[in-house]
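Each chain, written out:
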Amino acid sequence: MPKASTTSSNSPASSSSKAPFQSAHILRRNQACHQCRKRKLKCDAKRPCSTCVRSHTYAVAHAPAGTELSPNPECTFDESAEADNQEPYEQPRSRFERLESRINELEALLIEKNKALRDKELMSPHLTTKAHPTSSGDPHMITMMNNVFSVQSNGSVQLDQFNPELSGIDFPHYPHKNSMDDSVGVAHSMETSLSAPSQASHLGSNTSSPDDNPSTSNALTLSSSPGSFEVLSQSWPKTLPSPGLVRHLIDAFFTFHAHANIIFHTPTFMASLSLPPSHPKFPNVALLHAICAVGSMYTGAVEHVPPPVAPDFEPHDPFPDKWRGERPDSFAEVHVKYARTAIEGAVYMGENLFQLIQAKIILCWWYWAHAKWSEAHLSAAQSLRLVVPCGLNVCPPFHTIASCLRAPSLLPPAKTVAEDELRRNVFWLAYAIERTHGCGNSWAMMLDDQDISQLLPVRSDQFEQGVLVLPDERQWSHDKDVLLRHPEDQTDPFILYIKSTILLSRVKNFNLRFRSKYHAGDPATLSPSTNAVEDAEFFDVRKTPAFIEIDELVAAFLASFPLHLKHPVRGHLVHSHLFTACIASHLANILLHETHAVVGRSTCTSSRKILVAARAILDQLYQVSATSYEISLLGLFSLMGFFMAGRVLVRFLHVAIDYKSEEQTAILRAEVDFIRTTLAKSGEHVPLAHRYSKMLQDFVLQLCGEEYAVVTGLTALPPRDGLEPSRDGVVYGAPYTIGPGGEYETYSTSLAV
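Residues numbered from 1 in each chain as written. Predicted model: local features only at pLDDT ≥ 70, side-chain atom pairs only at ≥ 80, totals over all residues. Heavy atoms only, no water.

How do you make sense of the overall build of the protein when you look at a structure like this?
Scanning the protein from N- to C-terminus turns up 23 helices and seven strands. Restricting the contact set of the protein to residue pairs at least 6 apart, pairs at least 24 apart contribute 70%. (Helix = DSSP H or I, 4+ residues; strand = E, 2+ residues; numbered from the N terminus. Contact = heavy atoms within 4.5 Å.)

What should I look at first to understand the nonpolar core in this one?
Soluble, globular proteins show a tendency: their nonpolar side chains are buried together. One finds Trp 368, Phe 642 and Tyr 692 to be the most contacted residues of the largest nonpolar core, which totals 155 residues. At 15 residues, the largest contribution of residues to this core is made by helix α20 (residues 636-659). When near neighbours in sequence (up to four residues on either side) are disregarded, Phe 642 contacts Phe 579, Ile 583, Ile 617, Leu 621, Ile 631, Leu 634, Ile 675 and Leu 679. (Core = buried A, V, L, I, M, F, W, Y, C linked by side-chain atoms within 4.5 Å. Buried < 20%, exposed > 50% of the residue type's maximum accessible area, 1.4 Å probe, protein only.)

What's the story with the packing of helix α12 (residues 353-369) against helix α13 (residues 373-386) in this structure? I'm lost.
Relative orientation and spacing of two packed helices are given, respectively, by the angle between their axes and the distance between those axes. Two numbers describe how α12 lies on α13: the axes approach to 8 Å, and their chain directions differ by 155 degrees. With respect to each other, α12 and α13 are oriented roughly antiparallel. Along this stretch, α12 crosses α13, giving a crossing that reads as left-handed. Along the contact surface, α12 presents Leu 353, Ile 357, Lys 360, Ile 361, Cys 364, Tyr 367 and Trp 368, while α13 presents Trp 373, Glu 375, Ala 376, Ser 379, Ala 380, Gln 382, Ser 383 and Leu 386. Here the residues of the contact of α12 with α13 sort into ten nonpolar, three polar and two charged. (Axes fitted to C-alpha atoms, helices over the stretch in contact; angles between N-to-C directions. Parallel < 35°, antiparallel > 145°, perpendicular 65-115°, else oblique. Left-handed = near helix turned anticlockwise from the far one by under 90°. Nonpolar A, V, L, I, M, F, W, Y, C, P; charged D, E, K, R; others polar.)

Looking at this structure, I do not really get the pattern of salt bridges. What am I missing?
Counted by the stated rule, this structure contains 20 salt bridges. With a shortest N-O distance of 3.0 Å, Arg 459 and Asp 461 are connected by a salt bridge. Across the pair Arg 669 and Asp 673 runs a salt bridge, and its minimum N-O distance is 3.9 Å. In this pair, Arg 669 and Asp 673 are both assigned in helix α21 (residues 662-682), four residues apart and thus about one turn of the helix distant. Residue Asp 673 is classed as buried on the basis of its relative accessible area, which comes to 1%. Linked through salt bridges whose partners overlap, the residues forming this network are Asp 420, Glu 421, Arg 424 and Arg 474. (Salt bridge = Lys/Arg side-chain N within 4 Å of Asp/Glu carboxyl O.)

Would you mind showing me how to read the packing of α12 against α20 here?
Taken N-terminus to C-terminus, the directions of α12 and α20 make an angle of 30 degrees; their axes are 10 Å apart at the nearest point. When the axis of α12 is compared with that of α20, the two are roughly parallel. Taken as a pair, α12 and α20 cross one another with a handedness that is left-handed. Each of Trp 365, Trp 368 and Ala 369 in α12 lies in contact with α20, whose residues at this interface are Leu 636, Phe 637 and Met 640. Across the contact of α12 with α20, the residue classes break down as six nonpolar, no polar and no charged.

Would you mind going over a nonpolar patch on the surface with me for this structure?
A cluster of nonpolar side chains, contributed by Val 347, Tyr 348 and Met 349, occupies part of the molecular surface with about 350 Å² of accessible area. Along the chain, Val 347 turns up in helix α11 (residues 331-349). For Val 347, a relative accessible area of 34% corresponds to the partly exposed category. (Patch = residues over 30% accessible without salt bridge, like charges linked within 9 Å, V, L, I, M, F, W, Y side chains within 5 Å. Areas by Shrake-Rupley, 256 points an atom, 1.4 Å probe, with all protein chains shown as cover.)

Explanation requested: unusual backbone geometry in the structure shown.
It is generally the case that most residues other than glycine have a negative phi and that most peptide bonds are trans. In this chain, Arg 47 is followed by Pro 48 through a cis amide linkage whose omega measures -5 degrees. With respect to the secondary-structure elements, Pro 48 resides in the loop between α2 (34-39) and α3 (50-61). The linkage connecting Pro 396 with the following residue, Pro 397, adopts the cis geometry, with an omega of 15 degrees. Positive phi outside glycine occurs at Lys 40, with the angle close to 60 degrees. Along the chain, Lys 40 turns up in the loop between α2 and α3. You can call Lys 40 exposed: its relative accessible area is 73%. Of note in the backbone geometry, Ala 371 takes a positive phi value of approximately 60 degrees without being a glycine. Position of Ala 371 relative to the elements: it lies in the loop between α12 and α13.

I keep staring at the state of the cysteines and nothing clicks. Help me out?
Simply put, the disulfide is a covalent bond whose two ends are the sulfur atoms of two cysteines. A full pass over the atoms with the stated rule returns zero disulfides. Cysteine Cys 43 shares no disulfide, and the gap to the nearest cysteine sulfur, in Cys 49, comes to 3.9 Å. We note that Cys 49 lacks a disulfide partner, and the nearest cysteine sulfur, in Cys 52, lies 3.4 Å from it. (Disulfide = S-S within 2.5 Å.)

Sorry, what's going on with α21 here?
Quick reminder: α-helices carry 3.6 residues per turn. Residues three or four places apart thus point the same way. The end-to-end C-alpha separation of α21 is 30 Å, in line with the 30 Å expected for 21 residues at 1.5 Å each. With 15 of 21 residues buried, α21 lies mostly within the body of the structure. (Expected span 1.5 Å × (residues − 1).)

Even after reading the chapter, I still don't get a negative patch on the surface, so can you show me in this structure?
Together, Asp 472, Glu 473, Glu 488 and Asp 489 make up a region of like negative charge exposed at the surface. Inspection of the secondary structure assignment puts Glu 473 in the loop between α15 (460-465) and α16 (493-519). (Lys, Arg positive; Asp, Glu negative; His and termini not counted. Charge placed at Lys NZ, Arg CZ, Asp CG, Glu CD.)

Would you mind going over α3 with me for this structure?
With twelve residues, α3 extends 17 Å between its outermost C-alpha atoms, agreeing within 8% with the 16 Å of an ideal straight helix rising 1.5 Å per residue. Of the surrounding elements, those touching the buried residues of α3 are α2.

Could you clarify how one ought to interpret the side chain of Thr 627 in this entry?
Topologically, Thr 627 is positioned in the loop between α19 (605-625) and α20. Dropping the residues within four chain positions of it, Thr 627 is found in contact with Val 569, Gly 571, His 572 and Val 574.

Shape descriptors only; they carry no functional weight alone.
Following this line, the structure appears as structure tokens:
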């Protein structure tokens, strides 16, 4: 570029020479005059410039006689350059600060506007039709909008989003390996609502993929509204509901699901939702489908999955779909199928592996919540096995000592502390759901505890804030005293919940592997009085060192809780993770002793322990029932604990009936009926609770007869405020007393012991 002369003081360049990041001799683009640019001469951007003045002076001095020349030199400039020349130069640093401040202001306004729109939509359950603002005066737009919206006789609007015949709106099909369409920039204003898709819009068979049935995604029935408009980009995934409904289901998921703020770093995930669908950090479509399925359980915006109605339905069947009949897929079932299809396609391509693990965990929870035990088992197994190649089950320096061609993890290194802790949380949730779901079967677990060398999670507040906690200040999963030592600064309800699942894992491992270890001659499986050739069927397993060790660990686990974390129900506040951890400690006792309990024998310590554990679970149920807390939000494992406790109490009810003890029969029957009633009420929202209620009813019918299968009018004992014994030391007929620290101590009644 031409350089201006430095001799003039009124040069714009010299006037801005005080700017520290600008040279005083260099002009900006297009500041030179047209004549200097054409002749490629230096220009100082004066009006006129010095070069043109000198040229005009020379031309006047050497012009032939009679030549007419302009009295002023010809020197013209670009208008934009002239305007730029008159403005003072702004330093880059101040300019960047101004732009950044402006961006922050615009983002704040956008967030406030979106929040106001969402609040308005949520407060308006019925949306009325309104003329599209761009359709007035445009016949082509009116015709197109009439094709998109067909007004029904009841005033609702039938929206066919993905009709290929519509020339104005096109949603091209994308392969499963790519969750978004790359084309962005063409958006159409369409009137949407948060109301649910109609049942008829989700037709599908049990075995087919959702994509095989176009009616599952082609139509959405919208009720009326005072006209809020939503912009749908062509890149929005065609299988997802409208953005407004997706956001509503996500809000419901994060509000009510116990693990939502653990499986996601909430600020990061919410920020990713504001990105365009084609952005690489936008949530994976499989993950959004899974959240939509689970979130639909907490809202009335969509229809829920109906329970099986077949007269010959078997509640113990792990394959409940055979009893569903010919009904179409519900909203949640449609999105579960979409999520499963998207996961399968993405796994084979190796795309978004971490988000696929998150989606698998959420799907497993949905399957379990709907008592689809076979699908839940497979999903839990797949999620836990998928974390292994992703390197989430181990943490440096506990990688293999062998040299390998492949990296220890398929995932790239975490970029932030929050991302690193999120990966650890997701692993522990995959572990926890597989271990807790496995308590209901005798199948082998998918990942051995000896293959896990991972740090325990940080506290929930540290995770949300992204606080770095060094490994020296934390506990490892393989620490010898990990279940009995709880550092004050690294203990919270979720960490205790994870430790309780490790305890359940050890109990199940003992039950599964005892016979094989005994056959191999493991000294820990031999009692002092056992002969070398004696079969394990004919001696007391409870006398072996291995049983004594695990029994002492189970007994000491709950007693080791910090004092402020011993009671999950305080006043009207309930902490679901702490509640589940306490339930798990009592259920571990039942799983360990129930097989060896001889109910009715006065010398059987196992029958005493399972009754104490069952009534401890019942007592926690009484406490939470005395509050306004919705029991179905406690988590699925708590429902299993209630069922297992009820099953133990039914065994004792059977013995009380045989002994003709009317007092104990009345107490035990009231306790069983209270659990049955609680499960039945929770079954209105969670199908798993409905299934447990039916299974418990069948168990009562099998052991006690039809007379006791009917719930009595008095279905429960009065809810208790805390653990306060009566004058004789017995808590509402429970055969245990309460120690000074609130622990359960001595068996106090004579029934069945």
